[in-house]
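Listed below are the residues making up each chain.
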Amino acid sequence: MAPTRPLALVTGGSSGIGYELAAELARRGHDVAVSGQSERVHEAASSLRELGVDAFPLQADAATYEGVEAFWTFVADLGRPLNVACLNVGVGVGGAFADTDLDDELRMIAINCAGTVHMAKRVVRAMLAQGPDQGDRRILVVSSTSATTPTPYEPVYGPTKAFGFSFAESIREELREEGITVTALLPGATDSEFHHRAGMGDTRFGDNSWKNDRTQVARQGIDAVMAGDDHVVGGDEATQQRVVENRRMSEPEKAARQGALARPSR
Ligand SMILES: NC(=O)c1ccc[n+]([C@@H]2O[C@H](COP(=O)([O-])OP(=O)(O)OC[C@H]3O[C@@H](n4cnc5c(N)ncnc54)[C@H](OP(=O)(O)O)[C@@H]3O)[C@@H](O)[C@H]2O)c1
């Protein structure tokens, strides 16, 4: 029998915020296709199936054209309408710009910017061709509160997230009359492996204990997706307040505040 549940995809859905986005969608009755860099994407799929839905995992490198295309083909080959697409995968690179490795930064741009554009191109065209009669057509782009401030000691990461935010708001406007919604999620610092992977263990971000709960961030993100909101800040009251302040403060003031947080201790 043909599946009756809606289908969602989540890039970088094997752990962290992406896994929680997939779990939240599963709890709301969606089958989910998830990608990840490591083999644990298969364990993630097993956990998602325990929530009573079907899950389709693929290990594929989001830093390469082939890897992004492979995940898209994998989803398209399911032969089903696509109802929700969460473009979540993203990495950081911490450290002073004079010290960081150029290859790491170019790889980050490939994942956070080029990969997001690549997957969005496939998703948008597929959703347009699919039309409005096969359920929701909703897109989430995971940006960051870093999109609202300069980010010293992660000087390229913040701009990649500002790119995602502006991109989401732009295609949202283009797709508005088509009935396809686009939402940006701007999490504040969130408990995941992100900062350790970014080489920021020796900064204030190395400690996960004070950060936002990733399940809460994901729930806020999916609530906003389902409401069709243009963007939502993910995190607690202090995180929401920080973004309000970022809209009022000058760029140098914000740069100083952010730099004090992200500066390595040695
Ligand atoms: N955590 C924060 O404080 C924070 C704040 C604001 C915004 N964000 C954004 O939230 C998103 C998710 O971050 P997170 O905190 O959940 O990070 P995370 O814990 O490091 O998880 C990243 C996810 O992406 C996957 N991934 C990483 N590199 C990949 C690659 N080259 N190819 C395929 N998959 C890859 C990982 O797969 P494996 O686990 O299989 O390696 C994992 O599923 C990112 O876009 C990030 O910029 C995070």
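In short, a report on the structure. (Residues numbered from 1 in each chain as written. Predicted model: local features only at pLDDT ≥ 70, side-chain atom pairs only at ≥ 80, totals over all residues. Heavy atoms only, no water.)

1. Here's the deal with the sheet that holds strand β2 (residues 31–36)
Put simply, the rule reads: Pairing between two strands requires that DSSP report at least two bridges joining them. Here a strand is any run of E in DSSP of at least two residues, a helix any run of H or I of at least four, and the numbering for each starts at the N terminus. Angles here are taken between N-to-C directions and fall from 0 to 180 degrees, while the axes themselves are lines fitted to C-alpha atoms, restricted in helices to the stretch in contact.
Taken together, 7 strands build an open sheet; the order of strands is β3-β2-β1-β4-β5-β6-β7 and the sheet is parallel. Taken across any chain shown, the strands that pair with only one partner, and hence form the sheet edges, are β3 (55–59) and β7 (231–234). Along the sheet, successive strands turn relative to each other by an average axial angle of 15°, direction set aside. Bridge count for strand β6 (residues 181–187) against β7 is 4 bridges, and the pairing is parallel.

2. A short note on the pairing of β6
Cut-off, in case you're wondering: Buried, partly exposed and exposed residues are distinguished by accessible area as a fraction of the type maximum, computed with a 1.4 Å probe on protein chains only: under 20%, between the cut-offs, and over 50%, respectively. Seen with the strands pointing away from the viewer, any crossover whose path from the first strand over the helix to the second strand runs clockwise is right-handed.
Along β6, 7 of the 7 residues are buried, which leaves the element largely enclosed by surrounding structure. Burial of β6 is two-sided: the residues T181, T183, L185 and P187 facing one way and the residues V182, A184 and L186 facing the other way are all buried. Sheet topology places strand β5 (residues 138–142) next to β6; 5 bridges connect them, and they run parallel. What sits directly across from V141, in β6, is A184. Each parallel crossover has a hand, and the one from β5 via helix α5 (residues 157–175) to β6 is right-handed.

3. Focus: the pattern of salt bridges
The cut-off we apply is this: The salt bridge definition used is simple: a Lys or Arg side-chain nitrogen within 4 Å of an Asp or Glu carboxyl oxygen.
Counted by the stated rule, this structure contains 14 salt bridges. Among the ionic pairs, R214 bridges to E20, the shortest N-O distance being 3.7 Å. One end of the pair, R214, is in helix α7 (residues 214–227); the other, E20, is in helix α1 (residues 16–27), and 194 residues separate them in sequence. Close ionic contact of R27 with E24 constitutes a salt bridge, the shortest N to O distance being 3.2 Å. Taken together, the residues span about one helical turn, with R27 and E24 both in helix α1 at a distance of 3 residues.

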